[in-house]
Amino acid sequence: MAENLTQLTPTQRMFRDAMANLSAGVNIVTTDGPGGLAGITVSAVCSVTDAPPTMLVCVNRSSRSHDIFRENRHVCINVLGPGHEDVAMAFAGRVPSEERFTATGDVWDHSHEAPVLRGSAASILGRVTGSVERGSHTVMFVEADQVIVGEDCEGGLVYYRRRFHPIPTP
């Protein structure tokens, strides 16, 4: 259910506009397991530490994927590159949750504990080892078990001013 923007305070509206000017890497977080198969596009992802290798992922608690991530505990953070805009849009909600993996074609490697996007800039497979709830979101801490670096990736993909922008390799 979409939020009614008229119910936001002026500060919340300005905050959203300010965050639209914060460039953010685009990722698809995936999982598979007892809770089911799920994936969403997420820009609120960052590294926390390399000892142990840990990232954080912010997920809206109203997302269908939220509880599935928590139940399965194993996730893959797929860092997107140029050319992944259509996959990002599908996982951002353009395609119904149950159809996302089939609708995006044969780009998924299901041989790991969570689906890995072939051709991604990087894929970090790991376990949700902790979480903190803040407002409408849960900050999930993901400890890396396996890291796959996309050797053939030709850059990155960022979200800025509510649009995707490819960042080519210099």
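Above this text is the structure in question.
Residues numbered from 1 in each chain as written. Predicted model: local features only at pLDDT ≥ 70, side-chain atom pairs only at ≥ 80, totals over all residues. Heavy atoms only, no water.

A. Broad picture of the environment of His165. By secondary structure assignment, the location of His165 is in strand β12 (residues 163–168). For the pair His165 and Ala92, spaced 73 residues apart in sequence, the C-alpha separation works out to 15 Å. Leave out the neighbours within four places in its chain, and His165 touches Gly156, Leu157, Val158 and Tyr160. Reaching out from His165, the side chain makes a polar contact with the backbone oxygen of Tyr160 at a distance of 3.1 Å. (Helix = DSSP H or I, 4+ residues; strand = E, 2+ residues; numbered from the N terminus. Contact = heavy atoms within 4.5 Å. Polar contact = N/O pair within 3.5 Å; in protein donor to acceptor, adjacent residues only side chain to side chain.)

B. Just the nonpolar core, in detail. Val29, Val57, Phe69 and Ile77 are the most contacted members of the largest nonpolar core, which totals 16 residues. Among the elements of the structure, β3 (38–42), β5 (53–60), β6 (74–79), β9 (122–134) and β10 (137–149) are those that each provide at least two residues to this core. One finds Ile28, Phe91, Phe101 and Leu157 within the second-largest nonpolar core, a separate group that totals 13 residues. (Core = buried A, V, L, I, M, F, W, Y, C linked by side-chain atoms within 4.5 Å. Buried < 20%, exposed > 50% of the residue type's maximum accessible area, 1.4 Å probe, protein only.)

C. Examining unusual backbone geometry more closely. Backbone torsion omega between Ala51 and Pro52 reads -5°, so that peptide bond is classified as cis. If you trace the backbone, Pro52 turns up in the loop between β4 (45–50) and β5. We note that Arg161 has phi near 55°; this positive angle belongs to a residue other than glycine. Mapped onto the secondary structure, Arg161 falls in the loop between β11 (155–160) and β12. With phi around 65°, Arg162 is a residue other than glycine that occupies positive phi space. Residue placement: Arg162 occurs in the loop between β11 and β12. What makes Arg162 partly exposed here is its relative accessible area of 48%.

D. Summary view of the sheet that holds β12. The antiparallel open sheet is built from three strands, whose spatial order is β1-β11-β12. Looking along the sheet, the strands with just one partner apiece sit at the ends: β1 (24–25) and β12. Where β1 meets β11, two bridges bridge the pair, whose relative direction is antiparallel. Paired with Gly25 across the strands is Val158, a residue of β11. (Pairing = 2+ DSSP bridges.)

E. Quick peek at the sheet that holds β5. Pairing within the open sheet is antiparallel, and its seven strands lie in the order β3-β2-β6-β9-β10-β5-β4. If you trace the sheet from one side to the other, it starts and ends with β3 and β4, each paired once. Neighbour-to-neighbour, the strand axes of this sheet turn through a mean angle of 30°, independent of strand direction. Inspection of the sheet shows strand β2 (residues 27–31) paired to β3 by five bridges, in the antiparallel sense. Paired with Ile28 across the bridge in β3 is Thr41. The strands that helix α2 (residues 64–72) touches are β2, β3, β5, β6, β9 and β10; relative to β3, the one it contacts most, it runs at about 115°. On the sheet, helix α3 (residues 85–94) packs against β2 and β3 and is oriented at approximately 110° with respect to β3. (Axes fitted to C-alpha atoms, helices over the stretch in contact; angles between N-to-C directions.)

F. Expanded view of the state of the cysteines. This structure, assessed with the given rule, holds zero disulfides. Looking at the unpaired Cys76, the closest cysteine sulfur is the one in Cys153, lying at 14 Å. Taking relative accessible area as the criterion, Cys76 reaches 0% and is therefore assigned buried. (Disulfide = S-S within 2.5 Å.)

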